[in-house]
Amino acid sequence: MTEFVTHPLIRKNSIQRRAYQLAIAMRALDGNTLVVIPTGLGKTAIALLTAASRLYNNGGRILMLAPTKPLIEQHMRYFSAHLVPEKKEVQNEDPTKNDSITSESYLLFTGDTHPQSRTDAWKRATVCFATPQVIKNDLIAGRYTLSDVSLLIFDEGHRAMGNYSYVFLAGRYMETAKDPLILAMTASPGGNREKIQEICENLHISNVQTRVETDPDVLPFVHEREVTFLYVPLPREIRDIIDLLSRMLDDRLLELQRMGYDAPKRQNLSMKVLNQLHGAIQSRISLKDPDGFIAASIHAECLKIRHAISLGESQGCLVLQGYLEKLHADGTSAGGTRAAARIAKDPLFIEAFGKSFLFSEECHPKLLALPNLIREELDRDSDCRIIIFATYRDTVSQIVGILGKEGIDAGRFVGQATKEREKGLSQKKQIETLSRFREGQFRVLVATSVGEEGLDIPSTDLVIFYEPVPSEIRSIQRKGRTGRHGTGKILVLVTKDTSDETFRFVSQNRERAMVKEIKELQKQPKSRQAQIPDIGTGEVYTRPSTTREPDPGGTSEKPLVMVDDRETMSRVAEELSNLGTGIELMRLPFGDYQIGDRIIIERKTTRDFVDSLINRDLLGQIHSMSQHVTKPVLIIEGEDLFGQRDIHPNAIRGTLAAIAIDMGVTILYTKDAEETAVMIHLIARREKREARTGGAMWLQKSYLSQNETKEQIISSLPEIGSIHAKRLLSEFGSVRGVITAERDDLVRIKGIGQGRADRIVDLLNSPYEGS
């Protein structure tokens, strides 16, 4: 007889009682917790149980985050079906209003929701579901705070690395929440001990709860998954091209060896080795070794050739043909890189490129075998669901096309970005595609990695790997799409004697290592203090306490910076917010940051500066910015500006001179994103003081037009910059019209307000006291 969870906030006979889920949820209430359990064992149920307890005992609101809109909508559907939060009266945060607001049980925030709508809705939300970038942008812009969030849930917690939004959100939450508790969930944190440690530190984890499929309390709920490997030979016509490309790769590795680099033989070349080689080359460049740039170009050639070989081995002849065409086009165009040009001129490449034109249709056995494999499965069960995972969009399109020719309707599921000829899917289209697949309008879904994470697609009977993947995280996520609600099958297509076989065993070994690390986590001593386990040593690091108070979102007393909304992906916006800078997010027509009417700041990393100089119109971009404000600023962030690309230092010096002298742009240098944020914050503070004291002066030009002269005269009034000057002149028609305007007429102008109007009128009417 099935037992169900009983809780005042959970629908009766709604959630099956599973001892391991209840045990993990109880431990999660003790402190910030990372839950690591296999896919299909109910991570979302654990999150719901924890959320129900926090709402019932602590009140506040719940915030659940997931990387994609389809995934977060899925979580909202699950919570809506099982959790019944109590509606309560929420006090209006505006102190001028004494009314209360009736809360709403569930709200969904995505990038499609207007910022003002999110601000208003936040006050009413009991359980809020969102993608992380949206919440990050709102916090940076000061639209609301996380002060009364009693539980913050991070799905796919392994994403909390580097500059991903989860890292910033966890830190801000721990600083500002009155009663914080974090629950992070993942099926695959990775097999690297240091990586798991970094996740724990970034999410302020004090408690790790794990299960594996062989644990006694989990075993009754694990569905069998049958894994089969189908080996296919590499066709002779593809092998001939790969042999030519392999000889090209051998030549370049030999060149690097002759230059003194520890380059391996081609058979031992991996991405890890290539990354180590890149580090050695960059070290030589930083030491001003002129051969370093040549080595960097050769290294780039190795990457391109190795990728071409991989495409031929694992994807197919037409995908390989398309990539060789792209290499040839890049190498023969005026704007192509040196690496592409050298490849295009190589006689071995010319021969390989010529052979690729003999392909008129696909010849790789993987693609040719798929229709029969799918047909056999559909004949056995006409209601089954099949997912095919492929790494590249070109391959996804080919698979959908060849299945369509065989009368098998298949859906294409890829990411949002449009890449070259391959158009992306909007989030709306992604959700529609999954809905149609779930409802059985088509039985086969062909997906890139965007379909690997978290999506709960019922009754997926067969998962096909078009190629093995070396990442244990991606492999586990792919396998997790089947066996969630019943017995499932996994079929991995492997090309014999190629990198496919290598990746198969690499992934297998890494999965085993990850399971071993997870079991080690179970042995770590748990602490109820706000501490982070140092995995493997048993020592703990205590995160220093913070006294930061929740920010009510007001920016009147803060230096204000307008930030281009595309810059929120960088750490600069995060650091500005941490410094207490008032931030307004918008799409700026010029630059990345704007301070008042006078200052626009363009931020370039050292690499981006040089890349823009070579590949894009850097000078045109900076010139356009300089024409729209009196104080344009360029911040160059990073080190070794002259060592980023193989370009003569005098070309860079000449560009800097043109920007500074010809365009009148101030150039500032910073070490990293944190230093850039401090610089922008200080500029904003200084500008705020200047505006108060009326000390802001126009940049003196050798010639001013009549309109510019009029704007300069009006902008000399207290707290009036060029934008306000233009508004005043447009409204009153002339300098005389502005000066003689009544106080009430000035107040009506956007951005002037009563205070500025008073100060302008007082100045104009006050007597001059001569010396």
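As shown above, the structure is provided for reference.
Description of the structure in this document. Note that this is a predicted model, so its numbers are computed, not measured.

## A closer look at helix α9 (residues 271–286)
Think of an α-helix as turning once every 3.6 residues; residues three or four places apart then point the same way. For α9, spanning 16 residues, the distance from its first C-alpha to its last is 22 Å, which sits close to the expected 22 Å at 1.5 Å a residue. Looking only at α9, the buried set comprises Leu274, Leu277, Ile281 and Ile285. All buried residues of α9 lie within an arc of 85 degrees about the axis, which places them on one face of the element. Looking at the buried residues of α9, the elements they touch are α8 (236–258) and α10 (291–314). Looking at the residues trailing α9, positive phi occurs at Lys288, about 65 degrees.

## Remarks on the environment of Asp120
Secondary-structure assignment places Asp120 in helix α4 (residues 115–122). Taking relative accessible area as the criterion, Asp120 reaches 34% and is therefore assigned partly exposed. Linking Asp120 and Arg143, residues 23 residues apart in sequence, is a C-alpha distance of 9.3 Å.

## Quick notes on unusual backbone geometry
Positive phi, close to 60 degrees, is recorded for His204, a residue that is not glycine. As for its placement among the helices and strands, His204 is situated in the loop between α7 (193–202) and β9 (207–210). Taking relative accessible area as the criterion, His204 reaches 12% and is therefore assigned buried.

## A closer look at a nonpolar patch on the surface
On the surface, Leu579, Val678 and Leu682 cluster together into a nonpolar patch covering about 220 Å² of accessible area. One can find Leu579 in the loop between α19 (571–578) and β19 (582–586). Residue classification places Leu579 among the partly exposed residues on the basis of a relative accessible area of 38%.

## Considerations on the nonpolar core
Counting residues in hydrophobic clusters, the biggest one holds 55 residues, and the most contacted among them are Leu63, Phe109, Ile135 and Phe154. Among the elements that line this core, the one with the most residues is helix α6 (residues 165–176), at six residues. Once residues lying within four places of it in the same chain are set aside, the contact partners of Ile135 are Leu63, Leu65, Phe109, Ala130, Tyr144, Leu146 and Leu169. Counting residues in hydrophobic clusters, the runner-up holds 38 residues, among them Leu249, Leu253, Ala308 and Phe349.

## A closer look at the sheet that holds strand β20 (residues 593–595)
Taken together, the six strands give an open sheet; going across it, the order is β19-β18-β20-β21-β22-β23, and neighbouring strands pair in mixed fashion. One side of each edge strand has no neighbouring strand; the edge strands of this open sheet are β19 and β23 (666–670). Averaged over all adjacent pairs, the angle separating strand axes in this sheet is 25 degrees, with direction ignored. Alignment of strand β18 (residues 560–564) against β19, held across five bridges, turns out to be parallel. Each bridged residue has a counterpart across the sheet, and for Met562 the counterpart in β19 is Glu584. Of the strands in this sheet, β21 (599–605) and β22 (631–637) touch helix α21 (residues 618–626), which is tilted by about 160 degrees from β21.

## Section: the pattern of salt bridges
The final tally for this structure, using the stated rule, is 34 salt bridges. With its nearest N and O atoms 3.4 Å apart, the salt bridge here joins Arg284 to Asp289. A salt bridge links Arg603 to Glu637; the shortest N-O distance between them is 2.8 Å. Of this pair, Arg603 sits in strand β21 while Glu637 sits in strand β22, and the two are 34 residues apart along the sequence. Across the pair, Glu637 and Arg603 agree in class, each one buried.

Rules used in this analysis
- Residues numbered from 1 in each chain as written.
- Predicted model: local features only at pLDDT ≥ 70, side-chain atom pairs only at ≥ 80, totals over all residues.
- Heavy atoms only, no water.
- Helix = DSSP H or I, 4+ residues; strand = E, 2+ residues; numbered from the N terminus.
- Expected span 1.5 Å × (residues − 1).
- Buried < 20%, exposed > 50% of the residue type's maximum accessible area, 1.4 Å probe, protein only.
- Arc of directions from axis to C-beta.
- Contact = heavy atoms within 4.5 Å.
- Patch = residues over 30% accessible without salt bridge, like charges linked within 9 Å, V, L, I, M, F, W, Y side chains within 5 Å.
- Areas by Shrake-Rupley, 256 points an atom, 1.4 Å probe, with all protein chains shown as cover.
- Salt bridge = Lys/Arg side-chain N within 4 Å of Asp/Glu carboxyl O.
- Core = buried A, V, L, I, M, F, W, Y, C linked by side-chain atoms within 4.5 Å.
- Pairing = 2+ DSSP bridges.
- Axes fitted to C-alpha atoms, helices over the stretch in contact; angles between N-to-C directions.

These values are about where atoms sit, not about what they do.
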